[in-house]
Amino acid sequence: MGTPSPWAVLVLTAALAGVSAPRAAYGQPNFVIILADDVGWGDLGANWAETKETPHLDELAAEGTRFVDFHSAASTCSPSRASLLTGRLGVRNGVTHNFAITSIGGLPLNETTLAEVLREAGYSTGAIGKWHLGHHGHHHPNFRGFDYYFGIPYSHDMGCTDTPGYNLPPCPPCPRHGGLTRKDCYTEVALPLYENVTIVQQPVGLASLAARYAERAAWFIRRASDSGRPFFLYLALAHMHVPLGVPPPLPPNSDRGIYGAALSEMDALVGRIKQVIDSHGKGNTLLWFTGDNGPWAQKCELAGRLGPFVGAWQRQRGGSSAKQTTWEGGHRVPALAYWPGRIPAKRTSHALLSTLDIFPTLVALAGAALPPNRRFDGLDVSPVLFGWSDVGHKVLLHPNSGAAGKVGEIETLRLAQYKAFYTTGGAKACDGSIGPAERHQPPLIFNLDRDIGEQEPLDVASREYQAALPAISRAYAQALADIATDNVSVADYSEDPAVTPCCNAQHVACRCHGPGPHPAVPHRRTEGRATRLCL
């Protein structure tokens, strides 16, 4: 049986010893995980008073538990999602950076997903929205434990559309006659929308995408509920990643322009899903909302709010301290859990938690077993969910995510209130600056209890630094040793244009003409090299 890593121990009080979640009393619960994209910790009004566009999410926080020290497992798309669905960091599961539209591989097939475990336990499983863990062959969601899939196989800026929405710099619509190139924009292949293994629209209509996701999610919940089987829905939203495809007119209550309008649209979508759960979840559904990483700062006014997590030390040296970095703004994300009668309402938890914890927690609540012969970075945090404890990770690792250092490697860690950086760097900021990568030996150490903005590291000569350093060094060494002795996977990041999703290679940008589903066919420039793109 798989086990949590020895260094990642959830410390419970003696009174809680042997206490488990009330699965037996209520049967197997349903699970709905909503993962927002590039959302800022300060994008929720419940977290940040200046935000006014999230009444439904704020209601969710009031009726459930809000986690204020909750972190994504990485600060960029593919690694964060792989870790959520495996409970393992990229140095274990092999996914250390993003996959491309031409990627042959994806999340390694020897890694077991949460959907695979829950389906084996009797669950109906569905994934709606962004995948970004490989689309070719058996890397497709339908082969990774999901009975049903509806969505885009990667980020929705990785293909052109006829309604390109709002981006910085702006991108043109898909070409209709001949080729069109544009730096920083995908213009040769249109963005595909899949239902299971079939492309049903290419290019996808961004303005209606949120409504289609909501409709498909509601349909899945109703169908699964009517079947009598427990269900697991993984809803990975396009919001708040650019391009923002907000249908006009913009909501009058927004004071943040396009971003505020898109945030309001996401909030309404979450509100609709909660309403469906309340009607069809039969009081036995856990809804968990969180984000994949922090805001994409280089998008300027189209990026989210960091709240107080500004990474001031880095910003003074140039670059962003948000997405792609290991500063708090890169990985501290909003998180809400809602389960009426099970999860306490109006509660704020300060436990140190992560998206890594979703896998082992849901597996435990379902009465299933962790996959064998591997170690996990996540913990079963059901005691925290149910209000029996407010103690989470003692140590949490933050992998390099593109701004500095080798991607995937662990050079930042959290130990209680202390955060240690062995490498720092800033991602591209709104002003175009990039913070240089710097190595730190001994490490920079911040006390987050006093310095949540990461402005001033502890003086290495101070008593506090000298007291904290030995424990940090031990925890770091133990973590690296644990990873080195684990069964780790290696992702295939090789590329081939022949695997690019394309519903009609005879048309410019792979455009589908006419209604109805279209099977995937080879890209026009590689026709004859493959008979299908995806399967």
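For the structure itself, look to the data block above.
Calculation notes
Residues numbered from 1 in each chain as written. Predicted model: local features only at pLDDT ≥ 70, side-chain atom pairs only at ≥ 80, totals over all residues. Heavy atoms only, no water. Disulfide = S-S within 2.5 Å. Buried < 20%, exposed > 50% of the residue type's maximum accessible area, 1.4 Å probe, protein only. Phe/Tyr/Trp six-rings, centres within 6.5 Å; stacked < 30°, edge-to-face > 60°. Helix = DSSP H or I, 4+ residues; strand = E, 2+ residues; numbered from the N terminus. Lys NZ or Arg CZ within 6 Å of the ring centre and 35° of its normal. Core = buried A, V, L, I, M, F, W, Y, C linked by side-chain atoms within 4.5 Å. Contact = heavy atoms within 4.5 Å.

### Quick word on the state of the cysteines
Part 1: Scanning all chains against the criterion turns up five disulfides.
Part 2: Covalent S-S linkage joins C502 and C510, the inter-sulfur distance amounting to 2.1 Å. Judged by the sign of its S-S torsion, about -100 degrees, the bond between C502 and C510 is left-handed.
Part 3: For C502, a relative accessible area of 0% gives the class buried.
Part 4: The buried category is assigned to C510, whose relative accessible area is 0%.
Part 5: Note on cysteine connectivity: C503 is disulfide-linked to C512, with sulfurs 1.7 Å apart.
Part 6: Overall, C503 belongs to the buried group, its relative accessible area being 5%.
Part 7: The cystine pairing of the protein chain, numbering bonded cysteines in sequence order, is 1-3, 2-4, 5-6, 7-9, 8-10.

### What to know about the packing of aromatic side chains
Part 1: The tally for this structure, following the rule as stated, stands at 19 aromatic pairs.
Part 2: Considering the side-chain rings of W339 and F386, the 5.7 Å spacing of their centres and the 55 degrees angle between planes classify their relative orientation as tilted. Residue W339 is located in the loop between β11 (335–338) and β12 (347–349), and its partner F386 is located in the loop between α11 (382–385) and β15 (395–399); the two are separated by 47 residues in the primary sequence.
Part 3: Using a relative accessible area of 3% as the deciding quantity, one classes W339 as buried.
Part 4: Given a relative accessible area of 6%, F386 falls into the buried group.
Part 5: Cluster of aromatic residues (ring-pair linked, three or more members): W131, F146, F232 and Y234.
Part 6: The positively charged end of R216 is found above the aromatic ring belonging to W219, 4.5 Å away from the centroid.
Part 7: Its guanidinium or amino end placed over the ring of W296, K323 lies 4.1 Å from that ring's centre, counting from NZ or CZ.

### A few points about the nonpolar core
For soluble globular proteins, the rule of thumb is that nonpolar side chains tend to be buried together.
Part 1: Core analysis: the largest hydrophobic core is formed by 54 residues, its most contacted members being V32, I34, M266, I273 and F289.
Part 2: At the level of elements, β2 (30–36), α2 (55–63), β6 (148–151), α6 (209–227), β9 (231–236), α7 (257–280), β10 (285–291) and β11 are the ones that each hand at least two residues to this core.
Part 3: Tallying contributions element by element places α7 first for this core, with 11 residues.
Part 4: If near-sequence neighbours (up to four positions away) are discounted, F289 is found in contact with I34, A36, L44, L57, L60, M266, V270, P334, A335 and L336.
Part 5: Ranked by size, the runner-up nonpolar core spans 51 residues in total, among them L84, A335, V363 and C512.

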